[in-house]
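Chain residues, written in single-letter form:
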Amino acid sequence: ADDGPVPVSRPSVGDGRVYLGTDRGTAVSLRLADGTTVWERSVTDGEPTPLQIVDGHKTVCVVSRKTVVGLDPDDGAELWRMSPPAPVELTDRRATTVADRTALLPLESGSDGGTQSLLALEVSTGERLWWTDVPQVAGTPVVAENVVYYSESDAVAARDIDDGRLRWRTTPESGSAFGTPAV
C-alpha cells in the first residue's frame, strides 16, 4: 500500500500546472502535460489543505480553515501567510472564489460571532481588503464586472468587489434563494 499523501481538494489548473492540497497539509504542483511533480510544500501542521484558488497574478492560494498561504507557482516558495479573523468554511457548497486579484472566502462566523461573513483578500499580498457580516451564505460567491453576487438564506445580494459596499439585496417573490448564482 502506498503511504503517500492523498488529494483532498478539487484540483485547480493554471499556467500548464495542476495544483492540489493533500490530507497531510501539503500543496502539490504537477505538470499538466505528464503529471510529474514540480514541487510539494508543507503549508499547515498536518491539517487537510483544500486548495481552491489559482490566481492569474502569479500566486497560488492555499486555503485551510485557519490559514491562508500565498505560494509562488514556479517553485512553491511562500510569499505570504495570514490567519483569517474566523475559520474559513470549506465545503463543496461554499468554496473560495477568486476574481482578478481578489480572493473571497466565506467565513463560518461574523465579527459578532453569530452571522457568517465574507472576507476579501488581495491575492498577491494576502492583505485584507474588506470583511463584512452577511446572513448565511447559501452558495459559492461569483463575480462579474467587479461585482460579487451571492445567495443568502433568504435573499440574493450584490457587493462591490473593491470595497464590499452593498449594491443591492433582494428576496425573490417565489421564496428563499439557495445555491450559487449564475451570472
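In the block above lies the structure referred to throughout.
Residues numbered from 1 in each chain as written. Predicted model: local features only at pLDDT ≥ 70, side-chain atom pairs only at ≥ 80, totals over all residues. Heavy atoms only, no water.

1. Quick look at the packing of aromatic side chains
Phase 1 of the analysis: As enumerated under the stated definition, the model contains two aromatic pairs in all.
Phase 2 of the analysis: A centroid spacing of 6.2 Å and a plane angle of 40° characterise the contact between Tyr 19 and Trp 39, whose relative ring orientation is tilted. Of this pair, Tyr 19 sits in strand 2 (residues 17–21) while Trp 39 is found in strand 4 (residues 37–42), placing the two residues 20 residues apart along the sequence. Neither residue differs from the other here; Tyr 19 and Trp 39 are each classed as buried.
Phase 3 of the analysis: Aromatic pair Tyr 149 and Trp 168: ring centres 6.1 Å apart, planes at 50°, arrangement tilted. Taken together, the residues span a long stretch of sequence, with Tyr 149 in strand 14 (residues 147–151) and Trp 168 in strand 16 (residues 166–170) at a distance of 19 residues.
Phase 4 of the analysis: With a relative accessible area of 19%, Tyr 149 lands in the buried category. (Phe/Tyr/Trp six-rings, centres within 6.5 Å; stacked < 30°, edge-to-face > 60°. Helix = DSSP H or I, 4+ residues; strand = E, 2+ residues; numbered from the N terminus. Buried < 20%, exposed > 50% of the residue type's maximum accessible area, 1.4 Å probe, protein only.)

2. Some points on the environment of Ala 27
Phase 1 of the analysis: Note on placement: Ala 27 falls in strand 3 (residues 26–31).
Phase 2 of the analysis: Note: C-alpha distance between Ala 27 and Gly 76 (49 residues apart in sequence) is 8.2 Å.

3. Regarding the sheet that holds strand 3
Phase 1 of the analysis: A sheet is described by the order of its strands in space; here four strands give the open sequence 1-2-3-4, paired in antiparallel fashion. Both edges of this open sheet fall to strand 1 (12–14) and strand 4, since each of them pairs with a single strand only. For this sheet the average axis-to-axis angle between neighbouring strands, irrespective of direction, equals 20°.
Phase 2 of the analysis: With three bridges joining them, strand 1 and strand 2 adopt antiparallel strand pairing. Each bridged residue has a counterpart across the sheet, and for Val 13 the counterpart in strand 2 is Val 18. (Pairing = 2+ DSSP bridges. Axes fitted to C-alpha atoms, helices over the stretch in contact; angles between N-to-C directions.)

4. Some remarks on unusual backbone geometry
Phase 1 of the analysis: For Asp 15, which is not glycine, the phi dihedral falls at a positive 55°.
Phase 2 of the analysis: Inspection of the secondary structure assignment puts Asp 15 in the loop between strand 1 and strand 2.
Phase 3 of the analysis: Residue classification places Asp 15 among the exposed positions, given a relative accessible area of 55%.
Phase 4 of the analysis: In this structure, Asn 146 takes a positive phi of about 65° despite not being glycine.
Phase 5 of the analysis: Along the chain, Asn 146 turns up in the loop between strand 13 (142–144) and strand 14.

5. With respect to the side chain of Thr 67
Phase 1 of the analysis: Summarising the element assignment, Thr 67 is placed in the loop between strand 6 (59–63) and strand 7 (68–71).
Phase 2 of the analysis: A relative accessible area of 15% places Thr 67 in the buried class.
Phase 3 of the analysis: Discounting residues that sit within four places of it in the chain, Thr 67 has contacts with Val 62, Arg 81, Met 82 and Pro 84. (Contact = heavy atoms within 4.5 Å.)

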